[in-house]
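Residues per chain are reported as follows:
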Number of protein chains: 4
Amino acid sequence: MPARRLGVAIVGLGGAVATTVAAGLEMIRRGAVDLSGLPLADAPHAGLAPYQNISLAGWDLYPDDLASAVRQHGVLGPAELDLVRTELEAVRPWPAIGNVKFCRNIAGREGANLTSMRDQVASLKDDLNRFKADSGVDDLVVVHLASTERLVDTTLPQFATPEAFEMALDADDPEIGPAMLYAYAAITGGIPYGNFTPSVSADIPALKELARRHGVPIAGKDGKTGQTLVKTVIAPALRGRSLKVDGWYSTNILGNRDGLALDDPNSLASKLDTKGSVLDSILGYKVENHKVFIHYYPPRGDDKEAWDNIDLTGFLGHRMQMKINFLCKDSILAAPLVIEIARCLDLAKQRGQGGVLEELGVFFKAPLMVNGAEPEHAWPEQERRFRAWLDGEGAPGTPTERSEQSLKAAAASLADVR
Amino acid sequence: MPARRLGVAIVGLGGAVATTVAAGLEMIRRGAVDLSGLPLADAPHAGLAPYQNISLAGWDLYPDDLASAVRQHGVLGPAELDLVRTELEAVRPWPAIGNVKFCRNIAGREGANLTSMRDQVASLKDDLNRFKADSGVDDLVVVHLASTERLVDTTLPQFATPEAFEMALDADDPEIGPAMLYAYAAITGGIPYGNFTPSVSADIPALKELARRHGVPIAGKDGKTGQTLVKTVIAPALRGRSLKVDGWYSTNILGNRDGLALDDPNSLASKLDTKGSVLDSILGYKVENHKVFIHYYPPRGDDKEAWDNIDLTGFLGHRMQMKINFLCKDSILAAPLVIEIARCLDLAKQRGQGGVLEELGVFFKAPLMVNGAEPEHAWPEQERRFRAWLDGEGAPGTPTERSEQSLKAAAASLADVR
Amino acid sequence: MPARRLGVAIVGLGGAVATTVAAGLEMIRRGAVDLSGLPLADAPHAGLAPYQNISLAGWDLYPDDLASAVRQHGVLGPAELDLVRTELEAVRPWPAIGNVKFCRNIAGREGANLTSMRDQVASLKDDLNRFKADSGVDDLVVVHLASTERLVDTTLPQFATPEAFEMALDADDPEIGPAMLYAYAAITGGIPYGNFTPSVSADIPALKELARRHGVPIAGKDGKTGQTLVKTVIAPALRGRSLKVDGWYSTNILGNRDGLALDDPNSLASKLDTKGSVLDSILGYKVENHKVFIHYYPPRGDDKEAWDNIDLTGFLGHRMQMKINFLCKDSILAAPLVIEIARCLDLAKQRGQGGVLEELGVFFKAPLMVNGAEPEHAWPEQERRFRAWLDGEGAPGTPTERSEQSLKAAAASLADVR
Amino acid sequence: MPARRLGVAIVGLGGAVATTVAAGLEMIRRGAVDLSGLPLADAPHAGLAPYQNISLAGWDLYPDDLASAVRQHGVLGPAELDLVRTELEAVRPWPAIGNVKFCRNIAGREGANLTSMRDQVASLKDDLNRFKADSGVDDLVVVHLASTERLVDTTLPQFATPEAFEMALDADDPEIGPAMLYAYAAITGGIPYGNFTPSVSADIPALKELARRHGVPIAGKDGKTGQTLVKTVIAPALRGRSLKVDGWYSTNILGNRDGLALDDPNSLASKLDTKGSVLDSILGYKVENHKVFIHYYPPRGDDKEAWDNIDLTGFLGHRMQMKINFLCKDSILAAPLVIEIARCLDLAKQRGQGGVLEELGVFFKAPLMVNGAEPEHAWPEQERRFRAWLDGEGAPGTPTERSEQSLKAAAASLADVR
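Quantities reported herein were computed from a predicted structural model and do not represent experimental measurements.

Here we come to the relation of the copies chain A and chain B. In summary, the two copies of the chain are related to each other by a rotation about an axis coupled with a shift along it. In the superposition of chain A on chain B (RMSD 0.0 Å, axial shift 0.0 Å), the rotation amounts to 180°. The superposition of one copy onto the other is thereby described by a two-fold rotation axis. Closest to the rotation axis within chain A is the C-alpha of Ile324(A), separated from it by 2.3 Å. A shared interface surface links the copies, since 100% of the contact residues of chain A are contact residues in chain B too.

Structure (structure tokens):
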């Protein structure tokens, strides 16, 4: 049986993370780097596409080829770039759906008249079909890496069911953002979809249900790479030892475009919202003094630094402190996760697993859940479920074995609480 | 059914950890403190003795009553001590077995002529029987908290089987240390035994086998409280994310008697030995630059500070660093674990589980294993196994379900490797 | 010659810093503590009032006696408080000038009709005269420790000259805040005045000139205790070694009333304003990425934690980082400075030095300067000037030796620049 | 008047610091880097040789040219090295005096028969004369950067006077190490000499006196770059604020050849000896718990990390902590100091200042002093004296203004004490 060939279409192909993915895959193909940082490098699995067999394409608002983008983000040094320049220069993003008025970027697709959402979706599907045909891959996956969109109220009626959503699409409903259109195009095209950003995308009831009906695996959202990863690794142990968290002060400094974007209070709000909830969920009580800050700090560039201070109370009321200083690199932590998410979504599709793939929660700050289920945030349990899924076991507590019955019960009890 | 009453006999009753246990239990009985720091406070279990029902006694080389010891170690402030002084003054240690020539401390037991090991063991059993009778508890547990003894070669022939050990005892073999005598007295007296220190005690084949034959649960060794706990919490996540550990530099500063003892290169050697191995075991490869230091630093007293620096390589060979600074308190972290270990050993006995109780590995730096089995060091997996055991489930990978067959296979393959 | 006796009247007597001053002085009088933390403990000087000879009084909006205040702020433990309770209970604040509508707190001074600023000033002077008479001290000093007031534009015409200010007082000008009234009452009463807060007080041209005319020494403002102290200690060395500061990220967490107040963006603004300028002044260039944050974080109480990250560029453009984590106590650092400032102001008065006492700049984040002069922020130079002044030498660069001529030249060139 | 041209002969030309000096000077000449990290870049002074006018040569045990050495130490990236490769390839070290049996490295100087110290010195002088003649510089300076030698007892009689030392030289006294021979050759050749290493070199009474007689400025020893610099910057402020240092725990990790050498307990001993004394000297009392560790930690390469923890007691006995984490680069901090030391020694010679140049103490961990004088370790005072000297002022407390009389008195009182 020939090894699987996978095509990954990325929303936001010119960004720092996507270009790191692209550069990394080419370097791997060249044999110029080892597989450090790829969580599944040591987990060969017949159904996972080999790293060498992944083709990359995608959309961006800027038309620069990937070699230019790599240079711009400083992902590779000059000597490294030389090794893979030809391959990267050959990749130019397709024009993205604009994020201001939800229409195609004119510069990119001259003359096209894509004013309706239906036209936009059709155009995205054309891109995907052409990519599949041209690249000769066995199958596709779409991963969202574009800039964070504004917060959206996911409980609006037009997002509640596939039928309502279809009607809203017909009406070019202004509440539908670009990230939803990409998800819709992928899902209805039978293509697995992962959302690595905090934007509201497939995480509305309508699209989750559509994914279930089409048998398309989806996963998200907001990649868990730095401080939040550490938080969800440490907090379970504090709970295990009954060390009471009196306060957790977290600050981040980073100097890349992400950091600049988060200087905008609106984007920051959604980011902080995502980050804030994990702690209470893991510890089982409300941490009164959980503070999270992100500051744009240009000297760091793509390097990112997190400083955490944790105030603890232990036996006999004694106070202790833990401080964690993580000097990391944003894109370097994110890119390999993007690659593994794509490979796993493709594996799920081969296995016939449609709908929300909760078992990929280990990769996300806000794990996408079947409606009514509460996300697991503790890294140890997430990792165990993920590895069990990978091994083909149904892990306890995941939808594989949850009956319709118990799901309804969970939903009902949640409704009661609210 | 009346709540269970448990007697805990501690080796090293006058030390900082033991006095913190004693003071804490009295404060809890008084309702003067909450249950912070006790891992099983929220896990009520019919078979676990309530904290209020635990009686304390034990041995020490110094005859001071517990109120004096509490004052000396600064465990309680004056106002707190006032609340429980009467109860603590009533507890005086029994004279301990000397650690120099392995004979009873004369000052403590005047006129006694306990020169043979058999006499010493008999005397320890007398102490335990008297404690049980006087206190009216349902059952006893022994926990070892005395100062670290010198390294012992556990592969000596006299430690290989119960029969060889009995003969060595008859001969007052100088390789048998006091910690082994306490363990032997407990096990052959049908009393569960836990070793919270790095000393060689029940972790020799002869005593493990004796525990199995007598149906007595045993556990150990070397309580996992501070830096090593954090290490075994973080390292699994680094492995999960395939972040390669290029180096891990750990230093500890502490100012209590423990710190002073570890200024002695011999004691330090055994301590570092225990600390060093956990990382390679979790990560699955040899960390070339794993360095661990412990320094006596009087300004800290019982407060302990750990500083860790971890050098990581991620995707595309990029370098990152994580630094962890844990400002903790040695006895405050250790004492609640001692209490829970005692309660769990007692629960195991009620359940009829004899021999090495591997499921308590979560509490130890060097988990005591059935002969031939490799210890699990990763905290997440240890915690999962422990909680599953507590819930009465046989967790996969623990001896409950391991067949004789597979154990022999494991032992055989290990023998091959060595 | 009998040792000098000094009375210190504090604005904000019930606050954390003032009560620490009060408790500390009583403990010193009792011989219950040593002189740790008092910068001049080892600098006996005939003119400095001995610590034992300092009497304390002052104003506050709350009428609680000092024993209550000490208990409330947790300055002393119960046993310590017992030693000095009688003395502290005897001190009750005089009613303060209200900070809302600039009138006396009615509850405190029943029946008084102090609606005009002139009446308020007269009343403050009465308080001071009565204090001096009752306590029998040789002389008085006033130190401002009350909560930070709103920002005031110091360049308003009514603040430009004594004459303009007097007219504004007559007119109950709403731009005149309480902190100015205290300063005015002290200065015109011939009493030295120090401002330990960021509020605008004696730092307007009118009051500086009045102080010069009355021969009254004044000093300020905003005590330099924690992070800013460290910053002004480190930065001169970075300049000395030509290590370029690319960015300096500073964050503070503290949980006392000060921290809560600074959660108010207005108060924070003035605080940050003070903190921000020191770095550029010392380094001689504009640090593009100097960020300072203060966060209210209740778990810390009066303990304060500062975390600084400094990004540096050295030889051949190589990048380096320094991180400083200061776990300190706000009031414990501030109180001894308040005591020394009072003693030094009193010494200056004895020496006949009126007007701005620039040599005390070492104690302040925003050193009060003679009009037109630029403050020195580098701690080493501040300390040198201060010690030289104490020794009675005229230090180069301080007003003692600056001629009228050069001052005018400085003012002129400044005017040119602006 | 044409700008001054200076030749610098370095002992240990192939080491990391020396190659950084060489690469840096070439890059500056090329205009490829700015002057970051050079303390006197902003202090143009007629007598200081411009950076562009410095020629480099020197001795090493290894014969590799400087381009090879730069590549080996990773000082420059490939693209940068390309810019200056031709110039660096042209510089080959002269063969150094061997450090084992104190004879010339045979491989380097085939056929030479330099068994006597007198011959070795003559040969060193030949090297220097040839360098001066060939390079056409105005004058020379020698700077010592070779590996640390074993500790030497500086109070031996043969080191006490020039006469005794000359006799010892004649006798090939085995107590005379290579570092002394280099110093002797320079001093008697009228060439200023600086020692940047901890080795005993010009810091014996005989050579100091010789330098005075020959009117040759000398300076040393042991460059103050990282942790010790920070310590001498912070400690004066702690003293200024009367914050009592209860303990200071310092650890260093570094992975270059220096780190490896310091894994040797003998070399470490002399290093720690130098580092230890500065604190007590600055604070004015003995810090009981001052601990300094240096660990070889290969992941860091030439990068160096220092972690300091300082325990402080302040007002009313309250405890505080400061922690400093300095992520720096050894050679990058050292190289610019070497350049400035050379320029300043040359300036001193032009000014006619012979003997120990104490004013350069700011650059050294163990400032070389006129016999009988105590070194100043506090960075602020060192910096002030240095800048004053540079400006041509005689700073108080430096030898310029100390009379013979007072020096003798100091020496006498020291003799009394000992």
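With the rule as written, the count across this model stands at 120 salt bridges over all chains. When the shortest N-O distance is used, the salt bridge between Glu381(B) and Arg384(B) registers 2.7 Å. Residue Glu381(B) and its partner Arg384(B) are both found in helix 12 (residues 379-390); the two are separated by three residues, about one turn of the helix. A residue is classified by how much of its surface remains accessible, and Arg384(B), at 26% relative accessible area, is partly exposed. A salt bridge links Glu166(D) to Arg118(D); the shortest N-O distance between them is 2.8 Å. Of this pair, Glu166(D) sits in helix 5 (residues 162-170) while Arg118(D) is found in helix 4 (residues 117-135), placing the two residues 48 residues apart along the sequence. With relative accessibility at 22%, the residue Glu166(D) sits in the partly exposed group.

Residue and element names in this part refer to chain A. The first and last C-alpha atoms of helix 3 (residues 78-89) sit only 14 Å apart over 12 residues, clearly below the 16 Å expected at 1.5 Å per residue. Of the positions making up helix 3, those classed as buried are Leu81, Val84 and Leu88. All buried residues of helix 3 fall inside an arc of 105° around its axis, so they share one side. Residues of helix 3 that are exposed and point over 90 degrees away from its buried face: Ala79 and Thr86. Of the surrounding secondary structure, the elements contacted by the buried residues of helix 3 are helix 1 (16-30) and helix 2 (66-73).

With that out of the way, let us pick up the interface of chain A and chain B. Tallying the contact residues gives 52 residues for chain A and 52 residues for chain B. Counting every contact that joins chain A to chain B gives zero salt bridges. Where chain A meets chain B, there are 14 residue pairs in polar contact (both at pLDDT 80 or more). Those elements that place two or more of their residues in the side of chain A that touches chain B are helix 1, helix 8 (227-240), strand 9 (303-313), strand 10 (319-329), helix 11 (330-351) and helix 12 (379-390) of chain A. A per-element tally of the side of chain A that touches chain B places strand 10 of chain A first, with 11 residues. A per-class count over the side of chain A that touches chain B returns 33 nonpolar, 11 polar and eight charged.

Attention now moves to the nonpolar core. Judged by nonpolar contacts, the single largest core of 166 residues is most densely connected at Leu360(C) and Leu360(D). Those residues in contact with Leu360(D) that sit more than four places away from it in its chain are Ala219(D), Ile341(D), Cys344(D), Leu345(D), Phe386(D) and Trp389(D).

Further remarks concern the side chain of His377(A). Note on placement: His377(A) falls in the loop between strand 11 (355-356) and helix 12. For His377(A), the residues in contact, after removing those within four places along its chain, are Lys224(A), Thr232(A), Ser277(A), Val278(A), Ser281(A), Ile282(A), Lys365(A), Ala366(A), Pro367(A) and Gln382(A).

Hydrogen bonds along the backbone pair up the strands of a sheet, which may run parallel or antiparallel. Residue and element names in this part refer to chain C. What the seven strands build is an open sheet, ordered 3-2-1-4-5-6-11; its pairing is parallel. Both edges of this open sheet fall to strand 3 (94-95) and strand 11 (355-356), since each of them pairs with a single strand only. With three bridges joining them, strand 4 (residues 139-144) and strand 5 (residues 193-195) adopt parallel strand pairing. If you follow His144 over to strand 5, its bridge partner there is Asn195. Across the sheet, helix 1 (residues 16-30) touches strand 1 (6-11) and strand 2 (54-60), and the angle it forms with strand 2 is around 160°. Its contacts with the sheet place helix 4 (residues 117-135) against strand 1, strand 2, strand 3 and strand 4, and it is angled at close to 155° to strand 2.

Here is what the cut-offs are and how they apply
Residues numbered from 1 in each chain as written. Chains lettered and ligands numbered in written order. Predicted model: local features only at pLDDT ≥ 70, side-chain atom pairs only at ≥ 80, totals over all residues. Heavy atoms only, no water. Least-squares fit on C-alpha atoms with pLDDT ≥ 70 in both. Contact = heavy atoms within 4.5 Å. Salt bridge = Lys/Arg side-chain N within 4 Å of Asp/Glu carboxyl O. Helix = DSSP H or I, 4+ residues; strand = E, 2+ residues; numbered from the N terminus. Buried < 20%, exposed > 50% of the residue type's maximum accessible area, 1.4 Å probe, protein only. Expected span 1.5 Å × (residues − 1). Arc of directions from axis to C-beta. Polar contact = N/O pair within 3.5 Å; in protein donor to acceptor, adjacent residues only side chain to side chain. Nonpolar A, V, L, I, M, F, W, Y, C, P; charged D, E, K, R; others polar. Core = buried A, V, L, I, M, F, W, Y, C linked by side-chain atoms within 4.5 Å. Pairing = 2+ DSSP bridges. Axes fitted to C-alpha atoms, helices over the stretch in contact; angles between N-to-C directions.

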